[in-house]
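Working through the structure, step by step
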Amino acid sequence: MTTPADDPNWPAYLRINQDDDSPNRPRILLRTMGVLLAAASLAIAVAPLFFPNVSSSMLTAYLLCLAFIVGLDVCFVGLLLTWRTITRSRLGEWVITIESFQSSIYRNLLLGGGLHIVSIFLLWIPLLSKRDPNPSLQSLGLFVVLSAMGALAAMPWLVQFFLNIRGNDLEVHEEGMMIGGFYPCRWNRIVQYSVWDDAASLVVLDIRGRGPVEVFMAPGDRKILVEILKEHVGPPTREGRSDDLPDDHQQGQFGNLSVFR
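The structure displayed is predicted, hence computed values, not measured ones. (Residues numbered from 1 in each chain as written. Predicted model: local features only at pLDDT ≥ 70, side-chain atom pairs only at ≥ 80, totals over all residues. Heavy atoms only, no water.)

Within the protein chain, the secondary structure is distributed over seven helices and nine strands. By residue count, 43% of the 261 residues in the protein chain fall in the buried class. Within the protein chain, counting contacts between residues at least 6 apart in sequence, those at least 24 apart form 70% of the total. For the protein chain, the accessible surface area stands at approximately 14600 Å², while carbon and sulfur atoms represent 61% of it. (Helix = DSSP H or I, 4+ residues; strand = E, 2+ residues; numbered from the N terminus. Buried < 20%, exposed > 50% of the residue type's maximum accessible area, 1.4 Å probe, protein only. Contact = heavy atoms within 4.5 Å. Areas by Shrake-Rupley, 256 points an atom, 1.4 Å probe, with all protein chains shown as cover.)

Quick look at the nonpolar core now. One finds Tyr-62, Leu-66, Leu-109, Ile-120 and Leu-123 to be the most contacted residues of the largest nonpolar core, which totals 26 residues. At the level of elements, α1 (24-46), α2 (56-91), α3 (103-122) and α5 (137-162) are the ones that each hand at least two residues to this core. When residues in this core are grouped by element, the largest group, seven residues, is from α2. The contacts of Tyr-62, once residues within four sequence positions are left out, are Ile-44, Ala-45, Pro-48, Ile-120, Leu-123, Trp-124 and Leu-127. Among the nonpolar cores identified, the runner-up in size contains 22 residues, and Val-172, Ile-190, Leu-205 and Leu-229 belong to it. (Core = buried A, V, L, I, M, F, W, Y, C linked by side-chain atoms within 4.5 Å.)

Shown next, in the form of structure tokens:
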């Protein structure tokens, strides 16, 4: 199968080495935002050390809780990276990626960084409590659990940001696809697919065990994807405009998991 790197006729946005041609301004903005969020996280993490009227026992408990949260983050990131590495290696060589909006990189950074800052800030609440200057381990544990949940929820977004994975990417491999950076799908799991020539060109993939997945993309990108689907899955079950379907046939046609372009 021809790859974008081998064929100069492929569109520029489908080539693997597209990062080298991208403008520097978005990179600088992303790095600036990343540095600011990292500095804010560090400042919020160390600020309780300078709080007045906080006992040494409470500071020790805070530092232990903070170390626990950091340990959870490291372990979860390790699991995510290991799982994605194993999954990608099983899917074979990377062929093309149908890009989504560039803004999803900013979303990954802002959502992941913001969630992580909030999770650290939750550990402040016992330290700022005036009603209970020496809270019990039970009340402290509640905030540790909430903080851990927030930190773990932030990690997938931050991993996608640091790996330059857009949350809506559709990576096409020789043995299958990787949807959104963390959802593998081999060709034999695609039961059927439909092609609709609507205002936004749409391909609906019926994936065994997951249900329908909507893929919106430009007509040229859709043509490339449909050619690959015809080679590995077969011809589409339906093709045309979705508005032309009777109302009773449209029910249940589209799912709620979408990959946008």
